[in-house]
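# Summary of the model geometry
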Amino acid sequence: MTGPALWLAWRELAERKSSFLAGAAMIALASALCTSLELVLRARELAVSTQINQMGPALRLIPAGRTAGDLARFDLGTGYLTQEEAAVIGRELSPWVRYVEARLLLKEPLEGARAAVIGVFPRTVVSQFEELSRLGDGEAALGSELARLLGKKEGDALMFKGSGVRVAAVLPQTAGPEDLALFLPLRRLQELAGLPGAVNEIRIFPRPGADAEKIAARLKSGRFRVSVIDSYRGDTAESEVGAGLARYRWAVYAIIAAVAAFCILIWSYLNARERTAELALLAALGGTGRTALAVLTARAAIVGLAGAVPGCLAGAGFAFLQDPGSALGAAWSWNLPLAVSAGALALGVLGALPVSIMSALGDHAAALQE
């Protein structure tokens, strides 16, 4: 009965184009409001998360048995992790983690002094220093205080482990350990130190709203041979704020859905009054109440889907006009349009359901007599 019901519903809507467009417009408006709100909120969450991430990771993983004090002294011993392990951790935590960055931290002789040397992968480095993302294979970046002690400036040559590197940048002062560090591309440092594929720090950057404490508990379960250092960025408070905003977000969605469902209810009632004779004729030709209900439900479903597509597009366009940079950076996947389409379909059907039931169970014989 599904096929005939859909065909009859489509024929009815095609003959009453103004009614069809009115119903679809109501669904489209609700879909656009929900889509634009979701994208704008995602964009804002992403922007805030990016700013927090530039201050440092939420969690730092180092070889098992080492401590936060060892990490602060760049004295992590010889029990290295591997880049493959970092990739496995990234896959395991992918639902809750936005970035997983692996680094190699060493304490090495540098022109007569022992300095902290940090190997980073320029293309994926998460740092407040944009200069690190532009490091070439034969280049290095110096912390401001280390550059002063060595008497180096941008463009100077520097000898490290018998190899010459060019100082591509002197980093801004931070009053932190980075001021006394030498930054090299990770693969170059691994090559010079004779440690191919080795890392000893894995930095974890959670997704907006993810609970860092739960991620830490998962890492401490014993499956991974790491010590977990919590950087205490206030992620718990951030996740609680995110949970509060999520509750308000769903409250707004519920209000939009209720208003749209009420409008669909009125639209269905007006449409049903125009179709009383048609439904009575359908019953006279052998159709049952279930047949009529299937036709009316199919009609509402078509209207819901027809409104969802332009609504999603309009909502995305509005979010882009509000803040192009943030909207483009927002996480977009098939989940959102599918969720909006499913919601619009349900909204159309549920909004029209009361009137559809009343029409399907009505006295069709009396309608034919009239």
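Just so you know, the residues in each chain are numbered from 1, in the order the chain's sequence is written. This being a predicted model, a pLDDT of at least 70 is required before a residue's local features are given, and a value of 80 or more before pairs of side-chain atoms are given or counted; all residues contribute to the totals for chains, interfaces and linings. The side-chain figures draw on all heavy atoms in the structure; neither hydrogens nor water molecules are used.

### Quick word on the packing of aromatic side chains
The description of an aromatic ring pair uses the distance of the two centres, along with the angle that the planes make with each other. Cut-off, in case you're wondering: Two rings from Phe, Tyr or Trp (for Trp, the six-membered ring) form a pair when their centres sit within 6.5 Å of each other. Planes less than 30 degrees apart are called stacked, planes more than 60 degrees apart edge-to-face, and all others tilted. Here a helix means four or more residues in a row that DSSP labels H or I, a strand means two or more in a row labelled E, and each is numbered from the N terminus. Burial classification: accessible surface area is computed with a 1.4 Å probe over protein chains only, and a residue below 20% of its type maximum counts as buried, one above 50% as exposed, and the rest as partly exposed.
Under the criterion given, the structure shown has two aromatic pairs. With 6.4 Å between their ring centres and 80° between their planes, Tyr-99 and Phe-205 make a pair best called edge-to-face. Here Phe-205 lies in strand β10 (residues 201-206) and Tyr-99 lies in strand β3 (residues 97-110), a separation of 106 residues in the sequence. Residue class for Tyr-99 comes out partly exposed when judged on its relative accessible area of 35%. According to the relative accessible area criterion, Phe-205 is buried, its value standing at 0%. Centroid distance Trp-250 to Tyr-253: 5.4 Å. Interplanar angle 90°. Geometry classified as edge-to-face. With Trp-250 and Tyr-253 both in helix α8 (residues 235-274), this residue pair falls three residues apart, about one helical turn.

### Thoughts on the pairing of strand β11 (residues 226-230)
Look at any regular strand and the pattern is simple: side chains alternate between the two faces of the sheet. Rules: Strand pairing is assigned whenever DSSP detects at least two bridges linking the two strands.
Counting buried positions along β11 yields four of five residues, so the element is predominantly enclosed. Pairing of strand β1 (residues 59-63) with β11 involves five bridges; the strand directions are antiparallel. Counterpart to Arg-60 in the pairing with β11 is Ile-229.

### Regarding unusual backbone geometry
Unlike most non-glycine residues, Phe-74 shows phi in positive territory, near 60°. Mapping Phe-74 onto the fold places it in the loop between α3 (68-72) and β2 (81-82). One non-glycine residue, Ala-175, lies in positive phi territory at about 60°. Along the chain, Ala-175 turns up in the loop between β7 (163-170) and β8 (181-185).

### Let's talk about helix α7 (residues 212-219)
Rules: Working note: the arc is built from the helix axis to C-beta atom directions. As used in this structure description, the phrase polar contact means that two N or O atoms lie within 3.5 Å; if the pair is within protein, one of them must be able to donate a hydrogen and the other to accept it, and residues adjacent in sequence are counted only when both atoms belong to side chains.
Residues of α7 that are buried: Ala-212, Ile-215, Ala-216 and Leu-219. Projected onto a plane normal to the axis of α7, the buried residues spread over an arc of 100° and lie on a single side. In α7, the exposed positions angled more than 90 degrees off the buried face are occupied by Lys-214 and Ala-217. For α7, the side-chain oxygen to backbone nitrogen distance between the N-cap and Glu-213 is 2.9 Å, and the N-cap itself is Asp-211.

### Some words on the nonpolar core
Where we set the bar: Put simply, buried Ala, Val, Leu, Ile, Met, Phe, Trp, Tyr and Cys residues joined by side-chain atoms within 4.5 Å make one nonpolar core. Contact criterion: two residues are considered in contact whenever any of their non-hydrogen atoms come within 4.5 Å of each other.
Counting residues in each nonpolar core, the largest one holds 41 residues, and the members touching the most others are Leu-182, Ile-204 and Leu-219. Residues within four places of Leu-182 in sequence aside, it is in contact with Leu-110, Ala-116, Val-117, Ile-118, Ala-140, Ala-141, Leu-142, Leu-146, Leu-158 and Phe-160. Ranked by size, the runner-up nonpolar core spans 18 residues in total, among them Phe-74, Ala-116, Ile-118 and Val-125.

### What to know about the sheet that holds β7
Selection criterion: Between the N-to-C directions of two axes lies an angle of 0 to 180 degrees, each axis being a line fitted to C-alpha atoms and, for a helix, fitted only over the stretch in contact.
With respect to topology, nine strands assemble into an open sheet ordered β6-β7-β5-β8-β4-β3-β10-β1-β11, the strand pairing being mixed. Only two strands of the sheet have a single neighbouring strand rather than two, namely β6 (157-160) and β11. With strand direction ignored, the average angle separating the axes of adjacent strands in the sheet is 35°. Most of the contacts of helix α6 (residues 186-193) go to β3, to which it runs at about 40°, and overall it touches β3, β4 (113-120), β6, β7 and β8.

### Here we look at the environment of Ser-144
Inspection of the secondary structure assignment puts Ser-144 in helix α5 (residues 144-150). Discounting residues that sit within four places of it in the chain, Ser-144 has contacts with Val-170, Leu-171, Pro-172, Gln-173 and Asp-179.

### Considerations on the pattern of salt bridges
Defined as follows: Only one rule defines a salt bridge in this text: a Lys or Arg side-chain nitrogen within 4 Å of an Asp or Glu carboxyl oxygen.
Summed over all chains, the structure comprises 13 salt bridges. When the shortest N-O distance is used, the salt bridge between Arg-60 and Glu-201 registers 2.6 Å. Of this pair, Arg-60 sits in strand β1 while Glu-201 is found in strand β10, placing the two residues 141 residues apart along the sequence. Residue Glu-201 is classed as buried on the basis of its relative accessible area, which comes to 1%. The salt bridge partner of Arg-203 is Glu-101, with a shortest N-O separation of 3.6 Å.

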